[in-house]
Amino acid sequence: MDDINSTLDRLLQADMATTAAASGEIRHGFSLSGHHFLLQPGTYCELAAKQSICALPDCPDWFAGFINHRGHAVPVYDLARYLDTNTPRAGQKREFWILLLDAHPNTAGFMIPTLPSVLTDLSSVEHLNATDQPANLSSFISQAWQQNGQRWYEIDHTALLNHLKLQFQPSKQQ
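Reading guide: rules and limits
Residues numbered from 1 in each chain as written. Predicted model: local features only at pLDDT ≥ 70, side-chain atom pairs only at ≥ 80, totals over all residues. Heavy atoms only, no water. Core = buried A, V, L, I, M, F, W, Y, C linked by side-chain atoms within 4.5 Å. Buried < 20%, exposed > 50% of the residue type's maximum accessible area, 1.4 Å probe, protein only. Contact = heavy atoms within 4.5 Å. Helix = DSSP H or I, 4+ residues; strand = E, 2+ residues; numbered from the N terminus. Arc of directions from axis to C-beta. Polar contact = N/O pair within 3.5 Å; in protein donor to acceptor, adjacent residues only side chain to side chain. Pairing = 2+ DSSP bridges. Axes fitted to C-alpha atoms, helices over the stretch in contact; angles between N-to-C directions. Phe/Tyr/Trp six-rings, centres within 6.5 Å; stacked < 30°, edge-to-face > 60°. Lys NZ or Arg CZ within 6 Å of the ring centre and 35° of its normal.

Engineer: Account for the nonpolar core, naming residues and giving values.
Structural biologist: Of all hydrophobic cores here, the largest spans 29 residues; its most connected members are Phe 30 and Phe 37. Setting aside anything within four residues of it in sequence, one finds Phe 37 in contact with His 28, Gly 29, Phe 30, Leu 32, Leu 83, Pro 134, Leu 137, Ile 141, Trp 152, Tyr 153 and Ile 155. Residues Ala 64, Phe 96, Leu 100 and Met 111 belong to the second largest nonpolar core, which totals nine residues.

Engineer: So what's going on with helix H4 (residues 157–166)? Residues and values would help.
Structural biologist: Turning to H4, its buried residues are His 157, Leu 160, Leu 161 and Leu 164. Buried residues of H4 fall within an arc of 95° about the axis and therefore sit on the same side. In this fold, the buried residues of H4 make contact with strand E5 (72–77), helix H3 (79–83), strand E6 (97–101), strand E7 (108–112) and strand E11 (150–155). N-capping of H4 is provided by Asp 156, with a side-chain oxygen placed 3.3 Å from the backbone N of Thr 158.

Engineer: Could you give me a rundown of the pairing of E7, with the residues and numbers involved?
Structural biologist: In terms of burial, E7 is a largely internal element, five of the five residues being buried. Here E7 shows two buried faces, one formed by Ala 108, Phe 110 and Ile 112 and the other by Gly 109 and Met 111. Note that E5 and E7 share two bridges and pair parallel. Bridge assignment links Val 76 to a residue of E7, and that residue is Gly 109. A loop of six residues connects E6 with E7, the two strands running antiparallel in sequence, and Asp 102 in this loop sits at a positive phi of about 75°.

Engineer: Any details on the sheet that holds strand E3 (residues 45–48)? Residues and values, ideally.
Structural biologist: With mixed pairing, five strands are arranged side by side in an open sheet as E3-E6-E7-E5-E4. Strands with a single pairing partner mark the edges of an open sheet, and in this sheet they are E3 and strand E4 (63–69). When strand polarity is set aside, the average angle formed by the axes of neighbouring strands in this sheet is 30°. Sheet contacts for H4: E5, E6 and E7; angle to E7, the most-contacted strand, approximately 95°.

Engineer: Help me get a handle on the environment of Phe 96, residues and values and all.
Structural biologist: Along the chain, Phe 96 turns up in the loop between H3 and E6. The class for Phe 96 is buried, based on a relative accessible area of 6%. Along the chain, Phe 96 and Lys 50 lie 46 residues apart, while their C-alpha atoms are 5.8 Å from each other.

Engineer: Which residues make up the sheet that holds strand E9 (residues 123–125), and what values go with them?
Structural biologist: Here we have six strands laid out as an open sheet, ordered E8-E1-E2-E11-E10-E9, and mixed in their pairing. Each end of this open sheet is capped by a strand with a single partner; those strands are strand E8 (117–119) and E9. Shown here is a sheet whose adjacent strand axes are inclined to one another by a mean of 40°, direction ignored.

Engineer: Any details on unusual backbone geometry? Residues and values, ideally.
Structural biologist: A negative phi angle characterises most non-glycine residues, just as the trans form characterises most peptide bonds. Cis geometry is adopted by the peptide bond preceding Pro 105, which originates at His 104 and carries an omega value of 15°. Positionally, Pro 105 belongs in the loop between E6 and E7. The backbone of Asp 58 sits at a positive phi, close to 60°, despite the residue not being glycine. Within the secondary structure layout, Asp 58 lies in the loop between E3 and E4.

Engineer: Quick one: what's the story with the packing of aromatic side chains, residue by residue and with numbers?
Structural biologist: Tallied over the full model, the rule gives eight aromatic pairs. Between Trp 62 and Phe 168, the aromatic rings sit 5.8 Å apart at their centres with planes inclined by 75°, giving edge-to-face as the arrangement. Within this pair, whereas Trp 62 is found in the loop between E3 and E4, its partner Phe 168 is found in the segment after H4, the two being separated by 106 residues in sequence. In this structure Trp 62 comes out as buried when scored by relative accessible area, which is 10%. Aromatic pair Phe 63 and Phe 168: ring centres 5.1 Å apart, planes at 75°, arrangement edge-to-face. Linking Phe 63 in strand E4 with Phe 168 in the segment after H4, this pair joins segments that are 105 residues apart in sequence. Look at Phe 63 and you get buried, because its relative accessible area is 8%. Members of the aromatic cluster, connected to one another through ring pairs, are Trp 62, Phe 63, Phe 66, Tyr 77, Tyr 82 and Phe 168. The side chain of Arg 27 reaches across the aromatic face of Trp 145, ending 5.6 Å from its centre.

Here you go:
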């Protein structure tokens, strides 16, 4: 298992200039609820295997909780649940990986049901079709790409995380 994790860590590092130069630009993506999402170029990402998530009471269903990652509390979001509230809650029986984005102290994780994809040779799609995009994430999608007949939506994860964090702020009542 260590060999798989070290290989995945190596493949998912965004700053692998020698590999990128040899095979074109390397992009990282993940799939949720039938949609394919592409991380922005240069995004630091790391993969963590399924682990215990410390849930918090009275939080939105799409906030899974926190994990301990190298001694730091890292928030983990269940984007499949954010996209579709009918998606079963993350539990011990549901298989998932945690895609960790950004370096500490800005690290946050997205639960993903399958291993992420490493993509090269993407073709830009000229027009974004709003009907094909998930409505909850459309304002965080900047561009669409195509590879092997699949459409990949480039997502601004930083803006999305900031949006999700704002939902935890108490509203100001006048």
